[in-house]
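# Residue-level structural notes
The lines below spell out each chain.
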Amino acid sequence: MSRIRALCLSRNYPNDEIPRLGIWVERLALACSSWCETKVIAPVPWFPALPGLASYSRYSKIPRIDQRSGLAVLHPRFILPPGMLLHRWEAAGYYTGVKRHVSQLRKEFPFDLIHAHFIYPDGAAATRLGNEIGVPVVITEHASWSPWLNDHANVRKAALNAASKADTMIAVSTSLGRSMESFGVPREKIAVIPNVVDETIFTTDGRPADGPLRRLLFVGIMRKVKGLDILFRALRILIDQGVDAELAIVGESFYPSYARDLRELRELAETLRLGSKVTFLGGRQAGEVAAEMRQSSVVVLPSRRETFGVVLAESLACGTPVVATRCGGPEDIVGPEDGVLVEPENPSALAAGIAKVLAERQSYEPRALRARCVERFGTAAVSDQVRHVYETAMAGFQ
């Protein structure tokens, strides 16, 4: 079969201002590049510059046409005010903002299908466009539908309408697929395909010998849902028990609400007297994240909710065991041979899980951790599954 041509439609996509936004979308497109030519439309929100909205001004700096890792990326603007006030109209604004660009691209690049990421607003706009153009639509969902869709009736209606019109829905984890089913999406319409791990970046190469210091690592954005407050309390328990441990934190807060969460975390670290035991490293490029993982004894993801948890798979690809919570996605990644899963919202259980992995650190053989990870989440494994979805959608499209 000849190379497939796909239009990737995703508001969440890396750009010069927020380089790690939706990086898993970019990695998937690159992973499929051997058999699929992809063009990307990643619309950017626009709203008039008003006092108190300084965070919106950075979007105006994003170029309208970009080239990233060999992929052409268009960044059309669509009207979107801050907050959730006009959330119900977001898909309509999104569609209006991208329609002309999609039509023009179609003339130059007759794509075979549209692959949207997130059901709303991307998927809602994509199914409308797909119907008008006459191409199949695949939608990958990365976010939990509950409680979000329960709280927004009009958005729920638009999202479920998009799901009914899509040729295939992809869930990035088993738990997310079950959530989608609970909203009425037929099981046979859902393919569970994980996020991809770039095994050329996340490798075991250059792993140092374990030193006496027990180094914990967290990687993720600074949000309350990530459970860093629980990890801080678990670290306090470990220190009080005489465990020689410290925590490095890689992550940033690129939205104002995340910045507030980061300030609260810094205050909590002081309250718990963690001092030099916690180091905030800020955002890091993928290669730097991999290096941090290789230099750590364990990567911890204490989230309250995760639809996947790609940092866990990346850590395993680097040969580093993990501790995570049973909060959705991690259950698809972490088995007994990879680390420990504990209940969320429980500092004592998290501390015990970390202590167990540290005590048994030598039993986690780096090459074995990596081999299992690449077999499940590496480029070839995920790419083959996506190709099957694309070919099936195209073959069944009427």
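Shown above is the structure to which this text applies.
Small disclaimer: the values here were computed from a predicted structure and weren't measured.

This part covers the pattern of salt bridges. Using the criterion set out here, one finds 19 salt bridges in the structure. A salt bridge links Glu181 to Arg187, with the nearest nitrogen and oxygen atoms 3.1 Å apart. Residue class for Glu181 comes out partly exposed when judged on its relative accessible area of 27%. Overall, Arg187 belongs to the exposed group, its relative accessible area being 60%. Between Arg304 and Asp229 there is a salt bridge, and its shortest N-O distance comes to 2.7 Å. Within this pair, whereas Arg304 is found in the loop between strand S14 (298–301) and helix H10 (310–317), its partner Asp229 is found in helix H7 (residues 228–240), the two being separated by 75 residues in sequence.

The terminal C-alpha atoms of helix H13 (residues 379–396), which comprises 18 residues, lie 26 Å apart, in line with the 26 Å expected from a rise of 1.5 Å per residue. Those residues of H13 lying buried are Val382, Ser383, Val386, Val389, Tyr390 and Ala393. Across the axial projection of H13, the buried residues extend over an arc of 125 degrees, all falling on one side. Along H13, exposed side chains directed more than 90 degrees from the buried face belong to Asp384, His388 and Ala395.

By the definition in use, this model includes six aromatic pairs. Arranged with centres 5.3 Å apart and planes meeting at 55 degrees, the rings of Phe78 and Tyr94 form a pair that is tilted. Placement of Phe78 in strand S6 (residues 77–79) and of Tyr94 in helix H2 (residues 90–108) is noted, with a sequence separation of 16 residues between them. Here Phe78 matches Tyr94 in class, with each residue buried. When the centroid spacing of 5.7 Å and the interplanar angle of 75 degrees are considered together, the rings of Phe308 and Phe377 count as edge-to-face. Note that Phe308 is positioned in the loop between S14 and H10 and Phe377 in helix H12 (residues 366–377), a separation of 69 residues in sequence. The ring of Tyr95 is capped by Arg128, whose NZ or CZ atom sits 3.6 Å from the centre of that ring.

This part takes up the side chain of Glu306. Note that Glu306 resides in the loop between S14 and H10. Here Glu306 falls in the buried class, since its relative accessible area comes to 9%. Side-chain polar atoms of Glu306 contact the side chain of Ser303, separated by 2.7 Å. Once residues within four sequence positions are removed from consideration, Glu306 is found in contact with Lys226, Leu301, Cys327, Gly328, Gly329 and Pro330.

At their nearest, the axes of H10 and H12 sit 7 Å apart, and the two run at 135 degrees to each other. In this view, H10 runs oblique relative to H12, as classed from their interaxial angle. In this structure, H10 uses Ala313, Leu316 and Ala317 to contact H12, whose residues at the interface are Leu369, Arg370, Cys373, Arg376 and Phe377. A per-class count over the contact of H10 with H12 returns six nonpolar, no polar and two charged.

Let us look at the sheet that holds strand S2 (residues 36–41). Spatial strand order, S4-S5-S2-S1-S7-S8-S9-S10: eight strands in an open sheet with mixed pairing. In the strand order of this sheet, the two ends are held by strand S4 (65–68) and strand S10 (190–192), each with one partner. Neighbour-to-neighbour, the strand axes of this sheet turn through a mean angle of 25 degrees, independent of strand direction. As paired elements, strand S9 (residues 168–171) and S10 share three bridges and run parallel to each other. Counted as the bridge partner of Met169 is Ile190 from S10. Of the strands in this sheet, strand S1 (4–9), strand S7 (113–117), strand S8 (137–141) and S9 are in contact with helix H3 (residues 119–133), which crosses S7 at around 165 degrees.

Within the secondary structure, His115 sits in strand S7. Exposure remark for His115: the relative accessible area of 2% places this residue in the buried category. As a C-alpha pair, His115 and Leu262 span 147 residues in sequence and 33 Å in three-dimensional space. Within the structure, the side chain of His115 is placed 2.6 Å from the side chain of Tyr390, a separation counted as a polar contact.

Summarising the sheet, S1 and S2 pair through six bridges and their orientation is parallel. Within the sheet, the bridge partner assigned to Arg5 lies in S2 and is Glu37. Taken together, S1, helix H1 (residues 23–31) and S2 constitute a β-α-β crossover, and its handedness is right-handed.

A word on the sheet that holds strand S13 (residues 278–282). The parallel open sheet is built from six strands, whose spatial order is S13-S12-S11-S14-S15-S16. Of all the strands in the sheet, the pair left with one neighbour each is S13 and strand S16 (339–342). This sheet shows a mean twist of 20 degrees between the axes of neighbouring strands, independent of strand direction. Bridging between strand S15 (residues 322–325) and S16 involves four bridges; their strand directions are parallel. Looking across to S16, one finds that Val322 is bridged to Gly339. Sitting on the sheet, H7 touches strand S11 (214–219), strand S12 (245–250), S13 and S14, and the angle it makes with S12 is about 165 degrees. Together, S11, S14, S15 and S16 form the strand contacts of helix H11 (residues 347–359), whose direction differs from that of S16 by roughly 170 degrees.

What counts, and at which threshold
Residues numbered from 1 in each chain as written. Predicted model: local features only at pLDDT ≥ 70, side-chain atom pairs only at ≥ 80, totals over all residues. Heavy atoms only, no water. Salt bridge = Lys/Arg side-chain N within 4 Å of Asp/Glu carboxyl O. Buried < 20%, exposed > 50% of the residue type's maximum accessible area, 1.4 Å probe, protein only. Helix = DSSP H or I, 4+ residues; strand = E, 2+ residues; numbered from the N terminus. Expected span 1.5 Å × (residues − 1). Arc of directions from axis to C-beta. Phe/Tyr/Trp six-rings, centres within 6.5 Å; stacked < 30°, edge-to-face > 60°. Lys NZ or Arg CZ within 6 Å of the ring centre and 35° of its normal. Polar contact = N/O pair within 3.5 Å; in protein donor to acceptor, adjacent residues only side chain to side chain. Contact = heavy atoms within 4.5 Å. Axes fitted to C-alpha atoms, helices over the stretch in contact; angles between N-to-C directions. Parallel < 35°, antiparallel > 145°, perpendicular 65-115°, else oblique. Nonpolar A, V, L, I, M, F, W, Y, C, P; charged D, E, K, R; others polar. Pairing = 2+ DSSP bridges. Right-handed = clockwise from strand over helix to strand, strands pointing away.

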